[in-house]
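The residues making up each chain are set out below.
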Amino acid sequence: ELGKAEKTLIGAAAKNPMLMQIRPNALPNAPQLQIQLDRNQAATMGLSLSDVYNTIDMEIAPMYVDQMSYEGRIKQVLVQDDATFRMDTDVLRHLFTPAPNVPASAALNLNPSVSNPGISPYNMVPLASVLKTQWAVGPLLLQRYNGYPAVEIVGNPKPGYTTGQAMNSIEKMIDQSLPSGYGAEWTGQSYQEVLAGSSSNRLMLLSILVVFLCLAALYESWSIPVAVLLVVPLGLLGMVSFCLFRGMPNDIYFKIGMVTVIGLAAKNAILIVEFAVLNQSEGHSLYDAVLHAAKLRLRPILMTSFAFILGVLPLVLSSGAGSVSRHEIGTGVMGGMLFATLLGLLLIPVFYVSVRRLLGDTLDSNTSTTSKLH
């Protein structure tokens, strides 16, 4: 049944335009010799099951017994019959195990090749008297996953599709193509990708929290970091817009770009807010302080921002091996910086004034507001 489900899923995957090279990660079924022990017969004869199994292991399968030193090298000692004595099922008639409950006359009938069975403290009977064999076709390896019978299937997304899209399509096919009772789990790199994807939102929140705490410690204020971080959505908006325009997916490279844009957008806001705070501490009004800071830091912000944007331009235009990842990072960061720079220059002063006025500052105050910065 598991093999039928495997063929059904692989057949459905072969028709999916997002997938290619979908195949089972195992060797195909092969002819096998199935050996079945008649336990009732063995118990009647008084045979020890461990003796029966040990005889099969020792005579047919190579059995490790010791090591030896030969010409300065350590070699393993393996016990096994010669190839001519283990080529077919008839070999079981020539392999014997002690049977205390079998009379000598009966042992002689079971084993005509032994002329005097009584020479042994036990009567020796051939394994063929308690073993049944038949040829069948089956898997070379019985796989388990968390204790359940399983098969491993591997594959790749077609060019132009991400691994996330391919994994989502596989999950849909499992729900639609397979009957109830079958489940699927991701392993290896795909499993790590699922874990990383589920933690991406927490990573974004954590990065913003770290920036907020660093700014709070720098300015010794809880309100100023809020004014700085209000510019971050502008950068993320630009990043999303540029990536959608070029048809780029939300993958690991997109998330790396998001973390980068958060820091760079906050950097531009810091350049204005820091001078606005300094001007207010010198006695300027809120309006004059923020207006003077915006004018003073206009050229430095434009110079540093466009220098960075031009610096990532080779990533956007690159070609060759690995160019897709470079395109995603470069495009996202470029779009985020353009929005954070052009819109930020207009809105950062507005954000700062809005936050300060919520805390009681006035636009025409001529008194120092140092005590209100907390």
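Source: prediction; values computed, not measured.

Caption draft 1: Structural context of the nonpolar core. Residues I224, V228, V231, I272, V273, I348 and Y352 are the most contacted members of the largest nonpolar core, which totals 27 residues. Where this core is concerned, the elements lending two or more residues are α7 (200-219), α8 (224-229), α10 (252-281), α11 (286-296) and α13 (323-358). Looking at which element gives the most residues to this core, the answer is α10, with 9 residues. Counting residues in hydrophobic clusters, the runner-up holds 14 residues, among them L95, A99, V125 and V130.

Caption draft 2: Representation of the packing of aromatic side chains. Applying the stated rule across the entire model yields 2 aromatic pairs. Judged by centre distance (5.8 Å) and plane angle (25 degrees), the ring pair of F212 and W222 falls under stacked. Placement of the pair is F212 in helix α7 and W222 in the loop between α7 and α8, with a sequence separation of 10 residues. Note on F212: relative accessible area 17%, which makes it buried. Ring centres 6.4 Å apart and planes at 90 degrees place the aromatic pair F242 and F339 in the edge-to-face group. Residue F242 is located in helix α9 (residues 232-245), and its partner F339 is located in helix α13; the two are separated by 97 residues in the primary sequence. F242 gets classed as partly exposed once you look at its relative accessible area, which sits at 26%. Since its relative accessible area comes to 25%, F339 is described here as partly exposed.

Caption draft 3: How the structure looks around the pattern of salt bridges. In this structure the tally under the stated criterion is 2 salt bridges. Residue E1 is joined to K4 by a salt bridge in which the shortest nitrogen-to-oxygen separation is 3.9 Å. A relative accessible area of 65% means that E1 is categorised as exposed. In this structure K4 comes out as exposed when scored by relative accessible area, which is 57%. Where D90 meets R93, a salt bridge forms, and the shortest distance between an N and an O atom there is 3.0 Å. Look at D90 and you get partly exposed, because its relative accessible area is 33%.

Caption draft 4: Representation of the environment of E185 in the model. Relative to the helices and strands, E185 is located in the loop between α5 (163-177) and α6 (188-198). Its relative accessible area of 58% is what places E185 among the exposed residues. With 14 residues separating them in the primary sequence, E185 and E171 have C-alpha atoms 9.4 Å apart.

Caption draft 5: Fine view of the side chain of N268. In this structure, N268 sits in helix α10. Assessed through its relative accessible area of 1%, N268 is described here as buried. Contact partners of N268, with chain neighbours within four places excluded, come to I301, S305, M337, A340, T341 and I348.

Caption draft 6: Quick look at the packing of α10 against α13. In the contact formed by α10 and α13, the axes pass within 8 Å of each other and the chain directions differ by 25 degrees. Regarding the angle of α10 to α13, the classification is roughly parallel. Relative to α13, the crossing made by α10 is right-handed. Among the residues forming the contact of α10 with α13, the class breakdown is 17 nonpolar, 8 polar and 2 charged.

Caption draft 7: Quick peek at unusual backbone geometry. Phi is positive for Q21, which is not a glycine, with a value near 55 degrees. For Q21, the location among the structural elements is in strand β1 (residues 19-24). Phi at E71 takes a positive value of approximately 55 degrees, unusual for a residue other than glycine. With respect to the secondary-structure elements, E71 resides in the loop between β3 (63-70) and β4 (73-79).

Caption draft 8: Examining the confidence of the model for the protein more closely. Put simply, the protein has an average pLDDT of 80, and 90% of its residues get 70 or more. Considering each helix and strand of the protein separately, the mean pLDDT is smallest for helix α4 (residues 104-110), with a value of 52, and largest for β4, with 91. Note on residues 113-121: pLDDT is under 50 here. Beyond four places in sequence and across chains, it has 8 contacts. Segment residues 365-374: pLDDT under 50, and 23 contacts once partners within four positions in sequence are set aside and those in other chains are kept.

Caption draft 9: Highlighting helix α3 (residues 49-59). Those residues of α3 that fall on the buried side of the exposure criterion are V52, T55 and I56. Along the axis of α3, the buried positions cluster into a sector of 95 degrees, meaning they face one direction only. Buried residues along α3 sit in contact with β2 (30-37), β5 (96-99) and β7 (131-138).

Caption draft 10: Looking closely at the side chain of S223. By the element assignment, S223 lies in the loop between α7 and α8. With a relative accessible area of 8%, S223 lands in the buried category. A distance of 2.8 Å separates the side chain of S223 from the side chain of R356, its partner in a polar contact.

The rules behind each value
- Residues numbered from 1 in each chain as written.
- Predicted model: local features only at pLDDT ≥ 70, side-chain atom pairs only at ≥ 80, totals over all residues.
- Heavy atoms only, no water.
- Core = buried A, V, L, I, M, F, W, Y, C linked by side-chain atoms within 4.5 Å.
- Buried < 20%, exposed > 50% of the residue type's maximum accessible area, 1.4 Å probe, protein only.
- Helix = DSSP H or I, 4+ residues; strand = E, 2+ residues; numbered from the N terminus.
- Phe/Tyr/Trp six-rings, centres within 6.5 Å; stacked < 30°, edge-to-face > 60°.
- Salt bridge = Lys/Arg side-chain N within 4 Å of Asp/Glu carboxyl O.
- Contact = heavy atoms within 4.5 Å.
- Axes fitted to C-alpha atoms, helices over the stretch in contact; angles between N-to-C directions.
- Parallel < 35°, antiparallel > 145°, perpendicular 65-115°, else oblique.
- Left-handed = near helix turned anticlockwise from the far one by under 90°.
- Nonpolar A, V, L, I, M, F, W, Y, C, P; charged D, E, K, R; others polar.
- pLDDT = per-residue confidence, 0-100.
- Arc of directions from axis to C-beta.
- Polar contact = N/O pair within 3.5 Å; in protein donor to acceptor, adjacent residues only side chain to side chain.

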